[in-house]
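Structural description and commentary
Listed below are the residues making up each chain.
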Amino acid sequence: FEDYRAKITVYAEAFGPGRTPLFSRKYTSVGGVEAAKMYGVGAFGQKSAVRQSSLDAFKRIFEQMRPDIVDALHGLNTAAPQ
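Rules used in this analysis
- Residue positions are counted from 1 within each chain, in the order its sequence is given.
- For this predicted model, a pLDDT threshold of at least 70 governs which residues receive local features, and a threshold of 80 or more governs which side-chain atom pairs are given and counted, while totals over whole chains, interfaces and linings are taken from all residues.
- Here the side-chain values reflect all heavy atoms present in the structure, with hydrogen atoms and water set aside.
- Any two of the Phe, Tyr and Trp rings considered here, Trp counted by its six-membered ring, make a pair once their centres fall within 6.5 Å; the pair's planes then place it as stacked at under 30 degrees, edge-to-face at over 60, or tilted in between.
- In this description a helix means any DSSP run of H or I spanning at least four residues, a strand means any run of E spanning at least two, and both kinds are numbered starting from the N terminus.
- Only protein chains enter the accessibility calculation, which uses a 1.4 Å probe. A residue is then buried if its area is under 20% of the maximum for its type, exposed if over 50%, and partly exposed in between.
- A ring is considered to have a charge above it if a Lys NZ or an Arg CZ atom is located within 6 Å of its centre and within 35 degrees of its normal.
- Remark: nonpolar core denotes a set of buried residues (Ala, Val, Leu, Ile, Met, Phe, Trp, Tyr, Cys) joined through side-chain atoms within 4.5 Å.
- Contact definition: two residues touch when any of their heavy atoms are within 4.5 Å.
- Here a salt bridge means any side-chain nitrogen of Lys or Arg lying within 4 Å of a carboxyl oxygen belonging to Asp or Glu.

Here we look at the packing of aromatic side chains
Taken as a whole, this structure holds one aromatic pair when the rule is applied. Relative to Phe 62, the ring of Phe 58 has its centre 6.2 Å away and its plane inclined at 25°; by these criteria the two rings are stacked. Remark: Phe 62 and Phe 58 occur in helix H2 (residues 43–79); sequence separation between them is four residues, near one turn of the helix. Of the residues examined, Phe 62 reaches a relative accessible area of 44% and is grouped as partly exposed. In this structure, Arg 19 packs its charged tip against the face of Phe 15, placed 4.0 Å from the ring centre.

So, in structure tokens, the structure goes:
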């Protein structure tokens, strides 16, 4: 948490059968600024600000990650014997 916002990096790896690598990528995002909560509400506001900004950053990361997961699963489905 820096400059009144969460800064998050997630490293994700996905593997198929036999630990075949499907993808490996770093996802980074910054949550929304929550300065008003930090100053206006005190300690409870700080906790809420960290939670809200972190949630925002994680949502953005999962939006970035979703196409990679779908592509990896699609690749598994097309590679399977019929």
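On we go from here.
Focus on the nonpolar core
Within the largest apolar cluster, ten residues are counted, these being Ala 6, Ile 8, Ala 12, Ala 14, Phe 23, Tyr 27, Ala 57, Ile 61, Met 65 and Ala 72. Examining the composition of this core, we find that four residues originate from one element, H2, more than from any other. Residue contacts for Ala 12: discarding those within four places in its chain leaves Phe 23, Ser 24, Arg 25, Tyr 27 and Met 65.

As for the pattern of salt bridges
Enumeration according to the criterion identifies two salt bridges in this entry. With a shortest N-O distance of 2.8 Å, Asp 68 and Arg 25 are connected by a salt bridge. With a gap of 43 residues between them, Asp 68 in helix H2 and Arg 25 in strand E2 (residues 21–30) connect regions that are remote in the sequence.

With respect to unusual backbone geometry
Negative phi values dominate among residues other than glycine, just as trans dominates among peptide bonds. The residue Arg 19 is not glycine, and still its phi comes out positive at about 55°. On the accessibility criterion, Arg 19 (59% relative accessible area) is exposed.

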